[in-house]
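A closer look at the structure
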Amino acid sequence: MPLRAARLLVWPFAVAAFALRVCAELWFKPLTWQIDPKGVAFLTWVVVLSGTLLVPWVGYRLLTRSYRRPATWQVDAERNRFVAPASPRWMGPWAMVLGWVAAAFVQTERIAGEDRAQLVQIPGVLALAIAVPAVVLGGIALTLLLNRPRLTLNPDGITAQGLVSRTFLPWDRLVPGGPPPPPRKAANIPLLRVHPVPGKPPYPYPLAAGRLHVDPGFLANTIRQYVEHPEHRTAIGTPGELDRLHAALT
């Protein structure tokens, strides 16, 4: 499965987590009202509610089980940059949890005298039941379309694009000699930046490597390569430079 397809599948799985929880609230929860003792009914409901998240989570993990963070960059020759997009293995669970939590705003109530549930008929609650899921699911779709989060390297420095914020780190402001190669599953890589005030010690910037579709060790070695060898920066974003980088880091 191509990386783009894995990213696009994130959204329907997030919608599935949302829909399964809403369906469980409307159609399965009333069944637990008929179960005695109440402790068994509660445990049954907890298992089913957990399953509304675990089922799409496990399904997506199985579809993307072959994905490993590669020791390479995507080449964007038009903009002279190397790109590491968001890891689908990180985005999938993150999006499904948000979709599942958004379903909690779809409030239900018992129909008087019946073992059936319906949406709460209070106007303000109904508005939240529509607005919150729409904003959350729309935000997930927008994040995927905008390819966020991501990391880009260009001749001027590093741009860490988060879900909302963006941080630019010029090469000349990074301390040579680092960062050290982190563990393969490292969540962050500590980059040391030169303090803008003369005489003060460098201060760290935690680069969120765990969210990116690139091997953390290769990422750390790439950054160290360009910090210590500025003569290679102008070639960033070209296929030839990526080949040279692989040879230098092997």
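Residues numbered from 1 in each chain as written. Predicted model: local features only at pLDDT ≥ 70, side-chain atom pairs only at ≥ 80, totals over all residues. Heavy atoms only, no water.

**Some points on the nonpolar core**
By size, the foremost hydrophobic cluster in this structure holds 27 residues, and its most contacted members are V10, F18, V22, Y60, M96 and I140. Listed by contribution, the elements that provide at least two residues to this core are α1 (3-8), α2 (10-32), α3 (38-63), α4 (88-102) and α5 (123-145). Per element, the largest residue contribution to this core is 8 residues, and it comes from α2. Not counting residues up to four positions away in its chain, the partners in contact with I140 are W11, A14, A95, L98 and G99. Core analysis: the next-biggest nonpolar cluster, separate from the first, contains 26 residues, L153, I158, A160 and L245 among them. (Core = buried A, V, L, I, M, F, W, Y, C linked by side-chain atoms within 4.5 Å. Buried < 20%, exposed > 50% of the residue type's maximum accessible area, 1.4 Å probe, protein only. Helix = DSSP H or I, 4+ residues; strand = E, 2+ residues; numbered from the N terminus. Contact = heavy atoms within 4.5 Å.)

**Digging into helix α7 (residues 239-249)**
Three or more residues of α7 are buried, namely E241, L242 and L245. Mapping the buried residues of α7 onto a view down its axis gives an arc of 100°, with all of them on the same face. Opposite the buried face of α7, by more than 90 degrees, sit the exposed residues P239, D243 and A247. Those residues of α7 hidden inside the fold are in contact with β1 (74-76), β2 (81-84) and α6 (216-228). (Arc of directions from axis to C-beta.)

**Here we look at the pattern of salt bridges**
Considering all chains together, one arrives at 6 salt bridges under this definition. For E25, the salt bridge is made with K29, and the minimal N-O distance between the two is 3.6 Å. Here E25 and its partner K29 are both found in helix α2, 4 residues apart, which amounts to about one turn of the helix. Taking relative accessible area as the criterion, E25 reaches 12% and is therefore assigned buried. You can call K29 partly exposed: its relative accessible area is 26%. With a closest N to O distance of 2.3 Å, R110 and D115 form a salt bridge. For D115, a relative accessible area of 35% puts it in the partly exposed group. (Salt bridge = Lys/Arg side-chain N within 4 Å of Asp/Glu carboxyl O.)

**Brief notes about a nonpolar patch on the surface**
Residues V97, V101, F105 and L128 make up a contiguous nonpolar surface patch of roughly 300 Å² in combined accessible area. Within the secondary structure layout, V97 lies in helix α4. (Patch = residues over 30% accessible without salt bridge, like charges linked within 9 Å, V, L, I, M, F, W, Y side chains within 5 Å. Areas by Shrake-Rupley, 256 points an atom, 1.4 Å probe, with all protein chains shown as cover.)

**With respect to the environment of A235**
If you trace the backbone, A235 turns up in the loop between α6 and α7. The class for A235 is partly exposed, based on a relative accessible area of 26%. Sequence-wise, A235 and A77 are 158 residues apart; in three dimensions their C-alpha atoms are separated by 10.0 Å.

**Points about α2**
Compared with an ideal rise of 1.5 Å per residue, which puts 23 residues at 33 Å, α2 spans 31 Å between its outermost C-alpha atoms and is within 8% of the ideal. Of all the bends found along α2, the most pronounced is centred on E25 and spans about 45°. For α2, the full list of buried residues reads V10, F13, A14, A17, F18, R21, V22, A24, E25, L26, P30 and T32. Against the buried residues of α2 lie α1, α3, α4, β3 (108-110), β4 (117-119) and α5. (Expected span 1.5 Å × (residues − 1). Bend = angle between axes of the 7 residues up to and from the residue.)

**Regarding unusual backbone geometry**
Between D36 and the following residue, P37, the backbone shows a cis peptide bond with an omega angle of 0°. Inspection of the secondary structure assignment puts P37 in the loop between α2 and α3. Between R148 and P149 the backbone carries a cis peptide bond, its omega angle lying at -5°. Considering the arrangement of structural elements, one finds P149 in the loop between α5 and β5 (150-154). Phi angles above zero are rare outside glycine, and N80 is one such case at about 55°. Take N80: it is sitting in the loop between β1 and β2. The backbone of N147 sits at a positive phi, close to 55°, despite the residue not being glycine. With respect to the secondary-structure elements, N147 resides in the loop between α5 and β5.

**Focus: the pairing of strand β8 (residues 189-193)**
Burial of the side chains of β8 is restricted to one face: I189, L191 and R193 are buried, whereas none of P190 and L192 on the reverse face is. In this sheet, strand β9 (residues 203-207) lies alongside β8 in antiparallel orientation, the contact comprising 5 bridges. In the strand pairing of β9, I189 is matched with L207. (Pairing = 2+ DSSP bridges.)

**Remarks on the sheet that holds β2**
Sheets are built from strands paired through backbone hydrogen bonds, the pairs being either parallel or antiparallel. The strand order β1-β2-β5-β6-β7 describes an open sheet built from 5 strands, whose pairing is antiparallel. The open sheet has two free edges, formed respectively by β1 and β7 (166-170), since each of these has just one partner strand. Going from strand to strand, the sheet's axes swing by 20° on average, the running direction of each strand aside. Sheet topology note: the β1/β2 ladder contains 3 bridges and is antiparallel. The partner of D76 across the bridge, within β2, is R81. (Axes fitted to C-alpha atoms, helices over the stretch in contact; angles between N-to-C directions.)

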